[in-house]
Amino acid sequence: MERVVLVTGASGGVGLALCQRLLEEDGRIHLCIACRNEQKSEATRDLILAAHPAAQVSTVEVDLGNLASVLRAARELRCRFQRLDFIFLNAGIMPNPHVNFKALWHGLLTGKVLHMLTTAEGIMTQTDRLNGDGLQEVFATNLFGHFMLVRQLQSLLCSNEKPSRLIWTSSSNARESAFSLSDYQHAKGQESYSSSKYATDLTSVVLNRKFNGQGLYSSVVCPGLVMSNMTYRILPVFLWMLLMPIMWLIRFFAKTYTLTPYNGAEAHVWLFKQKPEYLDSLVKYHSCTSGLGRCYVEPRKMDVDEDTAEKLYQKLLELEEQTLEKYRDLLD
């Protein structure tokens, strides 16, 4: 039987490139693309089928920042499929990003600029807001919506004949210093994106501990610095036009400057081909590109505390319980 692969955030950037590359690897998969609205889903499906006319491609509408939408999508997927082999948890947002040019200049003077440019540490801030569910929007979209989706699809992921896989799109910007258990939604800071990605790393670690015995394995990847709609919102268009030649030069020194969505999907595709039993749950797999354009994957140990991961998991379960009580009418 064909493998069933669900990709969130499939309408552009790394998500769309990933869909194309997965079908190049295995044209027999059933690819289910998850987008925020029906128009985007259908347009993405048409684009994929134009390149792969024989592919099996279906769509599901889900807004990860809207918990009612997540529950409706999960119910639809449970009705449609008997199992899921892969979920690529790729959708994400970075609202109102700002560059701290003063910090960037300081990094230039102190020799730390390359590190800052490859991790965005100290130079990137975001302005978050509450969503319709009363949750911080970045936390809800990047982590909790995905967490709820996985929990609701657990029956399709666990206890199958073959292992099922979760592959989360994280970031090199995921830093412990931006995350706090006492403020795990990051309501009080200005690094909500970094916090949500660090929480993603923690969640993946604890999911392995809880569910490997039931045949469910979780991994995290970093696509590197990819030029996508999210990235282009950081600076005005004219600045990007000036910076792009410099960025291509930087790639000779910064292998995580993957730049194109195709290159950014390298680690996702590599994991698609691996046996999960042999992967290290405490490693993040980074998409890398050499200065001459060769793509490869670099594993790096994550800076995560497993006790913190367990405590975050319990907080997510508590929040899940509150959500399910609120949306009881959407449950089977």
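Residues numbered from 1 in each chain as written. Predicted model: local features only at pLDDT ≥ 70, side-chain atom pairs only at ≥ 80, totals over all residues. Heavy atoms only, no water.

Overview of the pattern of salt bridges
Definition in use: For this analysis, a salt bridge means a side-chain nitrogen from Lys or Arg found within 4 Å of a carboxyl oxygen belonging to Asp or Glu. The numbering of helices and of strands both runs from the N terminus, where a helix is a DSSP run of H or I of at least 4 residues and a strand a run of E of at least 2. In this scheme, a residue with accessible area under 20% of its type's maximum is buried, one over 50% is exposed, and one in between is partly exposed, where area comes from a 1.4 Å probe on protein chains only.
Scanning the model with the defined rule gives 19 salt bridges in all. In this structure, the salt-bridge partner of glutamate 191 is arginine 175, at a minimum N-O distance of 2.4 Å. With glutamate 191 in the loop between strand S7 (164-169) and helix H8 (192-211) and arginine 175 in the loop between S7 and H8, this pair connects stretches of sequence that are 16 residues apart. Residue class for glutamate 191 comes out partly exposed when judged on its relative accessible area of 21%. In this structure, glutamate 325 engages arginine 328 in a salt bridge whose closest nitrogen and oxygen atoms are separated by 2.9 Å. Take glutamate 325: its relative accessible area is 48%, and that puts it in the partly exposed class.

Digging into the packing of helix H6 (residues 137-152) against H8
Condition: Axis definition: a line fit to C-alpha positions, over the contact stretch in the case of helices; interaxial angles, taken between N-to-C directions, run 0 to 180 degrees. If an angle is under 35 degrees, it is roughly parallel; if it is over 145, roughly antiparallel; if it lies from 65 to 115, roughly perpendicular; otherwise it is oblique. Crossings are classed by handedness, with left-handed meaning an anticlockwise turn of the near helix from the far one by less than a right angle and right-handed meaning a clockwise turn. Contacts between residues were defined by any pair of non-hydrogen atoms, one from each residue, lying within 4.5 Å. Any residue that is not Ala, Val, Leu, Ile, Met, Phe, Trp, Tyr, Cys, Pro, Asp, Glu, Lys or Arg is counted as polar, Gly included; the first ten are nonpolar and the last four charged.
Interaxial distance between H6 and H8 falls to 8 Å at its minimum, and their mutual angle equals 20 degrees. For the element pair H6 / H8, the angle class is roughly parallel. When you trace H6 past H8, the crossing you get is right-handed. For the pair formed by H6 and H8, the contact residues are Val138, Asn142, Leu143, Phe147 and Arg151 on the first element and Ser192, Tyr193, Ser196, Lys197, Ala199, Thr200, Thr203 and Phe211 on the second. Of the residues in the contact of H6 with H8, the class split is 6 nonpolar, 5 polar and 2 charged.

Structural notes on the packing of H6 against helix H13 (residues 306-326)
Closest axis-to-axis distance for the H6/H13 pair is 11 Å, and the angle between their directions is 75 degrees. Regarding the angle of H6 to H13, the classification is roughly perpendicular. Residue-level inspection shows Phe139, Leu143, Phe144, Phe147, Met148, Arg151 and Gln152 of H6 in contact with H13, the latter providing Tyr313, Leu316, Leu317, Leu319, Glu320, Thr323 and Leu324. For the contact of H6 with H13, the residue count by class is 10 nonpolar, 2 polar and 2 charged.

What to know about the environment of glycine 9
Of note, glycine 9 is situated in the loop between strand S1 (4-8) and helix H1 (13-25). Exposure remark for glycine 9: the relative accessible area of 24% places this residue in the partly exposed category. The spacing of glycine 9 and alanine 34 is 25 residues in sequence and 6.2 Å in space, taken between C-alpha atoms.

Comments concerning unusual backbone geometry
In this model, serine 159 sits at a positive phi of 60 degrees, which is unusual for a non-glycine residue. Mapping serine 159 onto the fold places it in the loop between helix H7 (154-157) and S7. A positive phi angle, close to 60 degrees, is found at histidine 186, a residue other than glycine. The topology assignment puts histidine 186 in the loop between S7 and H8.

Comments concerning the pairing of strand S8 (residues 216-222)
Under the convention used in this document: Here, strands pair whenever DSSP counts at least two bridges between them. The handedness rule is simple: strands pointing away from the viewer, and a clockwise path from the first strand over the helix to the second, make the crossover right-handed.
The buried fraction of S8 amounts to 7 of the 7 residues, a majority that puts the element mostly inside the structure. Residues of S8 alternate between two faces, with Leu216, Ser218, Val220 and Cys222 on one and Tyr217, Ser219 and Val221 on the opposite face, all of them buried. In this structure, S7 lies alongside S8, joined through 6 bridges in parallel fashion. Across the sheet, serine 164 pairs through a bridge with leucine 216, a residue of S8. The β-α-β motif built from S7, the intervening H8 and the parallel element S8 has right-handed crossover chirality. Bridge count for S8 against strand S9 (residues 283-289) is 3 bridges, and the pairing is parallel. Its bridge partner being in S9, valine 220 is matched across the sheet by lysine 284.

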